[in-house]
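Tertiary structure, described
If you want the building blocks of each chain, they are given just below.
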Amino acid sequence: AFILLAAVGLNLTAADFARVRRSPAVVAVGLFAPLVALPAVALALVWWLRPDPFVQAGVLLVAACPIGGISNTYTYLAGASTALSVTLTGLSSVLALVTIPLVTRGFERILQEPLGVDAPVPLLGLQLLFILALPIGLGMAVRHRWPGWASARSKGVQRIAFALLAALLLLIVTVERARIWSGLSDIVSFAAAFVVASFGAGWLAGAAVRASRADRFTLAVEFATRNVAVATAIAVTLLGRTEFAAFASVYFLTELPLMLAAVLVWRRRQGRAATSFRPGLEQDPLESPTGERPRTGA
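The structure presented is a predicted model; accordingly, all values stated were derived computationally and were not measured.

So, on to the packing of helix 3 (residues 24-49) against helix 4 (residues 53-64). To characterise two packed helices, one gives the angle between the axes of the helices and the distance between these axes. Orientation of helix 3 relative to helix 4, taken along the N-to-C sense of each, is 170°, at an axis distance of 9 Å. In terms of orientation, helix 3 lies roughly antiparallel with respect to helix 4. Contact residues: helix 3 offers Leu-38, Pro-39, Ala-42, Leu-43 and Val-46, while helix 4 offers Gln-56, Val-59, Leu-60 and Ala-63. Classifying every residue of the contact of helix 3 with helix 4 by side-chain character gives 8 nonpolar, 1 polar and no charged.

Below, the discussion takes up the side chain of Ser-71. Within the fold, Ser-71 resides in helix 5 (residues 70-78). Of note is the side chain of Ser-71, whose polar atom sits 2.8 Å from the backbone oxygen of Gly-68. The contacts of Ser-71, once residues within four sequence positions are left out, are Ser-85, Thr-89, Val-221, Glu-222 and Thr-225.

Next up on the list: helix 3. Counted at 1.5 Å a residue, the expected span for helix 3 with its 26 residues is 38 Å, and the 37 Å between its end C-alpha atoms agrees. Positive phi shows up at Arg-50, right after helix 3, with a value of about 50°.

All right, on to the packing of aromatic side chains then. Scanning the model with the defined rule gives 4 aromatic pairs in all. Summarising the aromatic geometry, the rings of Trp-203 and Trp-266 are spaced 6.3 Å apart at their centres and angled 70° between planes, so their arrangement reads as edge-to-face. Of this pair, Trp-203 sits in helix 11 (residues 184-208) while Trp-266 sits in helix 14 (residues 242-276); the two residues are 63 residues apart in sequence, bridging distant segments of the chain. For Trp-203, a relative accessible area of 29% corresponds to the partly exposed category. Residue class for Trp-266 comes out buried when judged on its relative accessible area of 8%.

Between helix 5 and helix 12 (residues 213-224), the shortest axis-to-axis distance is 9 Å and the interhelical angle comes to 150°. Relative to helix 12, helix 5 is oriented roughly antiparallel. Once helix 5 is placed against helix 12, the crossing between them reads as right-handed. Residues Ser-71, Tyr-74, Thr-75 and Ala-78 of helix 5 touch helix 12, and the partners they reach there are Phe-217, Thr-218, Val-221 and Glu-222. Looking at side-chain class alone, the contact of helix 5 with helix 12 contains 4 nonpolar, 3 polar and 1 charged residues.

With 62 residues, the main nonpolar core has Val-59, Tyr-74, Phe-194, Phe-199, Phe-217, Phe-247 and Tyr-251 as its most contacted residues. Looking at this core, the element that brings in the most residues is helix 14, giving 11 residues. Apart from residues no more than four positions distant in its own chain, Phe-194 is found in contact with Leu-38, Val-41, Ala-42, Leu-45, Val-59, Val-62, Ala-63, Arg-226 and Tyr-251.

Positive phi values are uncommon outside glycine, yet Arg-210 reaches one of about 55°. Within the fold, Arg-210 resides in the loop between helix 11 and helix 12. Residue Arg-210 is classed as exposed on the basis of its relative accessible area, which comes to 76%.

Locating Ala-44 in the fold gives a position in helix 3. Exposure remark for Ala-44: the relative accessible area of 41% places this residue in the partly exposed category. Considering only alpha carbons, one finds Ala-44 and Phe-194, 150 residues apart in sequence, at a separation of 9.8 Å.

A contiguous patch of positive charge, built from Arg-213, Arg-268, Arg-269 and Arg-272, is present on the exposed surface. Of note, Arg-272 is situated in helix 14. A relative accessible area of 56% places Arg-272 in the exposed class.

The end-to-end C-alpha separation of helix 4 is 17 Å, in line with the 16 Å expected for 12 residues at 1.5 Å each. Within helix 4, 10 of the 12 residues are buried, which leaves the element mostly enclosed by the surrounding structure. Within helix 4, the full set of buried residues consists of Val-55, Gln-56, Ala-57, Gly-58, Val-59, Leu-60, Leu-61, Val-62, Ala-63 and Ala-64.

Moving on: the environment of Ala-83. Within the secondary structure, Ala-83 sits in helix 6 (residues 82-111). When the C-alpha positions of Ala-83 and Ala-15 are compared, they lie 9.2 Å apart, and in sequence the two are 68 residues distant.

With 60% of its residues at a pLDDT of 70 or more, the protein has an overall mean of 75. Within the protein, no element has a lower average pLDDT than helix 1 (residues 2-9), which sits at 59, and none a higher one than helix 12, at 95. Segment residues 279-298 is flagged for pLDDT under 50; beyond a separation of four residues in sequence, or across chains, it makes 32 contacts in the model.

Calculation notes
Residues numbered from 1 in each chain as written. Predicted model: local features only at pLDDT ≥ 70, side-chain atom pairs only at ≥ 80, totals over all residues. Heavy atoms only, no water. Axes fitted to C-alpha atoms, helices over the stretch in contact; angles between N-to-C directions. Helix = DSSP H or I, 4+ residues; strand = E, 2+ residues; numbered from the N terminus. Parallel < 35°, antiparallel > 145°, perpendicular 65-115°, else oblique. Contact = heavy atoms within 4.5 Å. Nonpolar A, V, L, I, M, F, W, Y, C, P; charged D, E, K, R; others polar. Polar contact = N/O pair within 3.5 Å; in protein donor to acceptor, adjacent residues only side chain to side chain. Expected span 1.5 Å × (residues − 1). Phe/Tyr/Trp six-rings, centres within 6.5 Å; stacked < 30°, edge-to-face > 60°. Buried < 20%, exposed > 50% of the residue type's maximum accessible area, 1.4 Å probe, protein only. Left-handed = near helix turned anticlockwise from the far one by under 90°. Core = buried A, V, L, I, M, F, W, Y, C linked by side-chain atoms within 4.5 Å. Patch = residues over 30% accessible without salt bridge, like charges linked within 9 Å, V, L, I, M, F, W, Y side chains within 5 Å. Areas by Shrake-Rupley, 256 points an atom, 1.4 Å probe, with all protein chains shown as cover. Salt bridge = Lys/Arg side-chain N within 4 Å of Asp/Glu carboxyl O. Lys, Arg positive; Asp, Glu negative; His and termini not counted. Charge placed at Lys NZ, Arg CZ, Asp CG, Glu CD. pLDDT = per-residue confidence, 0-100.

Shown next as structure tokens:
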């Protein structure tokens, strides 16, 4: 995770975050819309599919958690709005101290059963510092100090990131094989439904505030990518229920290939848009075919 996020930092500059500050509506939607949309998606799937109790508890737990740090890697690999992704991930983790208890209390009122979930403050603090801020800051420092070196090796770093994600997927399959195979069909189908529905909700939220295409893709990724480390910590340390953690593990295993597939589709479509762009088409002259405005200055 450290290496993946350091690679993300190699592609970021202060100017990227300045652009995010000029889009407060997009940031607000990315932070607060999931607090309504994701619990609604989770409850709708629970009522529609009627899963086993531990799957139901697992998806409710995942829906209450903040954005996962690996979303930054997804948006980086897609060439979307990486600075927006980093901003939303960090702020989401800070707000989780309030939003996790708030969302779970809402679940308790609707389902009329206690969940007893609170935010794991030490874990969130460590994640913010060592898993998010430190590697991304290191990558940005390297880019600032040696910009030519960082730019020249951008493609190679992306290939390494893809390879590391593939290795991570293989490791999870190996370590969690017993849990995965014991309830593979039900858990994977339910997790996939939640990922796809959350992705769609994020895209629609971006469209509602007229975000650029790159920002819409980023919001879709942020909605669908949940912090399964936090979900697992809550399940094991606070609830004492390791079976709930099984859903979080399989959720990540399901999310990873789906998000990589979305990244590949997005890159292919953006590549086609770039090659088919011709002068004279009706397009904002300050906006690129990817939906991003070109950077000015360093």
